[in-house]
Amino acid sequence: MTMAPHFAVFHSPVPVPISTQCHHKQFHYNPLKPSSSSSSYSIFTTQKGFSRSPVITCSSSNGTDPDPDDVNNPERKRRAQLSARIASGEFTVQQSGFPFAFKKTLLNLGLPEQFLHFLFGREDGRRQNPVIPEAKGSIKAIRSEAFFIPLYELYLTYGGIFRLTFGPKSFLIVSDPSIAKHILKDNSKAYSKGILAEILDFVMGKGLIPADGEIWRVRRRAIVPALHLKYVAAMINLFGQATERLCNKLDAAASDGEDVEMESLFSRLTLDIIGKAVFNYDFDCLTNDTGIVEAVYTVLREAEDRSVAPIPVWEIPIWKDISPRQRKVASALKLINDTLDDLISICKRMVDEEELQFHEEYMNEKDPSILHFLLASGDDVSSKQLRDDLMTMLIAGHETSAAVLTWTFYLLSKEPSVMSKLQEEVDSVLGDRFPSIEDMKKLKYTTRVINESLRLYPQPPVLIRRSIEDDVLGEYPIKRGEDIFISVWNLHRSPKLWDDADKFVPERWALDGPNPNETNQNFRYLPFGGGPRKCVGDMFASYETVVALAMLVRRFNFQIALGAPPVEMTTGATIHTTQGLKMTVTRRMKPPVVPSLQMANFEVDSSLSLSDKDAVSQTK
Ligand code: HEM
């Protein structure tokens, strides 16, 4: 199957029908022990640094969670089944094989060891060049789960790097901070986006997320400057206005006593925001269901479905002409592209008519969009590349932020004490007014809530790369052409790297400490990736989610609706719920305290934007 970072495309083995059982002797490889050892280790009972059966909580119904210790808890049952299957050796490749057994027999027969070394040189070579632990089999039975959950279980067994083999397909799963850093930052030139680029081609073409090599370098240098501080500051108003529209909607629902499905509302909120921010287009999808909104969702769902499809039927030439679904996708794409063309020509006219000189922090007050910046900087209006980049940012900045808000509200619904603390801060910092950029530094706890939500629910949960050169990962040499999944989910939930890894504790991040990022967390925390391909919208997204969260919780209380379906995870571009996040929204009784504000001079939080400067300099 595939799964995407913003379309973290992950060609998942899930639908590949293959033989499942490994009939060989069971061999539990413990990556924490020297790989040259031939003893078999089991880590199911103990493994230094790992605790077994951690609780990955995400399920609630009627506002109450099933007891994780209850043996009938379906989540727990699934965990136990998977653990049992791993323990049975189903996912474990036999490390011995014929040459190993034959050599052992000859040795037992008394043949000199030196002669055997000569005969079985390759085996010894392997020991010097250790072989990556391998998990093999079918995960058909766990297909119903979000794919990164079984990867987590396998990680607890096989460690920070292992190979997952399904029939002819093989992937390296990386969950080790130093290996992640090596791939993403230290030796990033040796890796491309691989499968991701193939799956996203129909919608993003050579846009910034899938692009590699020289195209990526040139476009990154063009786009990063567009998200300068003045632009992001201007966006704060936009975030406020859009969230206000959502508040009005929730207000009406609260009056009518109607429950609301927050996941789809967040998706609409962030689509409204990103449309204005990227190309000055008001989708207004919080109030309207226009054709263009439907077209955007058609394309988004197609990208997600392609990422989990067993066979790439869309590549069959005739298919796109006969399949009603593919025809719908083609016409959605046409509508979006036509709209983009119109927006580009309107914007071009504005740029031609204005007298503003282009400079580093150039921004048209009437239209501060990224498109306006790009055209004013001299981007080619007619180029497909410009359209690809706009489309990429539309998708990149939409689903991710919506998912962050969804899971933040889910987490808050389960931790009323965190919600109270959050509301207290928001009341005292904001009172009743719209947030400004100055407030971003003051909404410290609100920011920590988002940081912690991004740790527990990273969007996307897996980053995808392909090696384009031979390399060495940890102690293991790898060949060019390896498909690699860096599991951010595993890094962020590793019991080896975090205390109470599965608990929602915003307090783990010191209020006066730096904003946590991959650099100051040494690659155990990667909410926006790292290295030269780090998210260009990290500051934008952080402020967007902080503004939306603050404005919503100061007006309303949120609870999981009575009789709501359980909140479970599934994967698409990001982590979705399976059946939405249905909540009861009530107006807060307590009027917010309006503080008398002494505005301190605003300073940029350097930890948010620094890596982008690094990234730009790395492209030079
Ligand atoms: C909370 C919201 C967001 C999250 C969690 C997020 C996360 C990420 C991550 C993890 C990556 C790295 C992907 C990889 O290494 O394969 C990335 C890349 C990217 N993001 Fe975001 N993102 C968010 C919002 C945004 C926004 C708002 C924009 C645009 C305004 C954006 C634009 C991009 C682009 C263009 C890239 C590709 C950069 C490159 O490859 O050079 N993202 N994002």
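Residues numbered from 1 in each chain as written. Predicted model: local features only at pLDDT ≥ 70, side-chain atom pairs only at ≥ 80, totals over all residues. Heavy atoms only, no water.

1. Concerning the packing of helix 10 (residues 262-279) against helix 16 (residues 399-414)
No. 1: For the pair helix 10 and helix 16, the least separation of the axes is 8 Å and the interaxial angle reads 145°. When the axes of helix 10 and helix 16 are compared, the crossing they make is right-handed. Residue-level contacts link E263, F266, S267, L269 and T270 of helix 10 to E399, S401, A402, L405, T406 and F409 of helix 16.
No. 2: Here the residues of the contact of helix 10 with helix 16 sort into five nonpolar, four polar and two charged. (Axes fitted to C-alpha atoms, helices over the stretch in contact; angles between N-to-C directions. Helix = DSSP H or I, 4+ residues; strand = E, 2+ residues; numbered from the N terminus. Left-handed = near helix turned anticlockwise from the far one by under 90°. Contact = heavy atoms within 4.5 Å. Nonpolar A, V, L, I, M, F, W, Y, C, P; charged D, E, K, R; others polar.)

2. Overview of the UniProt feature "binding site: heme" (unreviewed entry) in the chain
No. 1: Residues annotated in UniProt with the feature "binding site: heme" (unreviewed entry) correspond here to C535.
No. 2: Looking at the secondary structure, you find C535 in the loop between helix 20 (488-493) and helix 21 (538-555). (UniProt positions renumbered as here; feature names shortened; annotations may be inferred.)

3. What about the sheet that holds strand 13 (residues 582-587)?
By definition, the strands of a sheet pair up through backbone hydrogen bonds, in either a parallel or an antiparallel sense.
No. 1: With antiparallel pairing, the three strands of this open sheet are ordered in space as 5-13-10. In this open sheet, the two strands that pair with only one neighbour each are strand 5 (260-261) and strand 10 (556-560).
No. 2: For strand 10 and strand 13, the ladder comprises five bridges, and the chain directions are antiparallel. Within strand 13, the residue paired with Q559 across the bridge is T584. (Pairing = 2+ DSSP bridges.)

4. Looking at the nonpolar core
No. 1: L250, F409 and F558 are the most contacted members of the largest nonpolar core, which totals 148 residues.
No. 2: Beyond its immediate chain neighbours, meaning those up to four positions away, F409 contacts F266, L549, L552, V553, F558, L581 and M583.
No. 3: If you look at the next biggest cluster of nonpolar residues, it comprises 20 residues, including I179, I478, I486 and L526. (Core = buried A, V, L, I, M, F, W, Y, C linked by side-chain atoms within 4.5 Å. Buried < 20%, exposed > 50% of the residue type's maximum accessible area, 1.4 Å probe, protein only.)

5. A few points about the sheet that holds strand 2 (residues 161-166)
No. 1: Sheet architecture is open: six strands sit in the order 1-2-3-9-6-4, paired in mixed fashion. A strand with exactly one partner marks an edge of an open sheet, and here the two such strands are strand 1 (134-136) and strand 4 (191-192).
No. 2: With five bridges connecting them, strand 6 (residues 462-467) and strand 9 (residues 483-487) associate as antiparallel partners. Note that in strand 9 the partner of R466 across the bridge is D483.
No. 3: Its contacts with the sheet put helix 5 (residues 148-158) on strand 1, strand 2 and strand 3 (169-174), and the angle it makes with strand 2 is roughly 125°.
No. 4: Its contacts with the sheet place helix 6 (residues 177-186) against strand 2, strand 3, strand 4, strand 6 and strand 9, and it is angled at close to 125° to strand 9.

6. Considerations on helix 7 (residues 195-204)
No. 1: Among the 10 residues in helix 7, seven count as buried, and that is most of the element.
No. 2: At its buried positions, helix 7 is contacted by strand 3, helix 11 (291-306), helix 13 (324-353), helix 15 (384-396), strand 6 and strand 9.
No. 3: Where helix 7 ends, the next residue or the one after it, G205, has phi of about 50°, a positive value.

7. Some points on the pattern of salt bridges
No. 1: In the structure shown here, the tally under the stated rule is 33 salt bridges.
No. 2: Measuring nitrogen to oxygen at the nearest pair gives 2.8 Å for the salt bridge that ties R219 to D379. Taken as a pair, R219 in helix 8 (residues 213-223) and D379 in the loop between helix 14 (370-376) and helix 15 lie far apart in primary sequence, 160 residues in all. Both residues of the pair, R219 and D379, count as buried.
No. 3: Within this structure, E244, D251, R555 and R587 form a network of salt bridges that share partners. (Salt bridge = Lys/Arg side-chain N within 4 Å of Asp/Glu carboxyl O.)

8. A few points about a nonpolar patch on the surface
No. 1: The grouping of I316, I318, W319 and I322 at the surface amounts to a nonpolar patch, some 380 Å² of accessible area in total.
No. 2: Residue classification places I316 among the partly exposed positions, given a relative accessible area of 39%. (Patch = residues over 30% accessible without salt bridge, like charges linked within 9 Å, V, L, I, M, F, W, Y side chains within 5 Å. Areas by Shrake-Rupley, 256 points an atom, 1.4 Å probe, with all protein chains shown as cover.)

9. Remarks on the side chain of S453
No. 1: Within the secondary structure layout, S453 lies in helix 19 (residues 444-456).
No. 2: Discounting chain neighbours no more than four positions away, the residues touching S453 are V404, W407, T408, L411 and F504.

10. A short note on the environment of L412
No. 1: Among the structural elements, L412 can be located in helix 16.
No. 2: Residue classification places L412 among the buried residues on the basis of a relative accessible area of 2%.
No. 3: Considered as a pair, L412 and F147 are 265 residues apart in the sequence and their alpha carbons are 25 Å apart.
No. 4: Leave out the neighbours within four places in its chain, and L412 touches V418, M419, L422, V449, F504 and L549.

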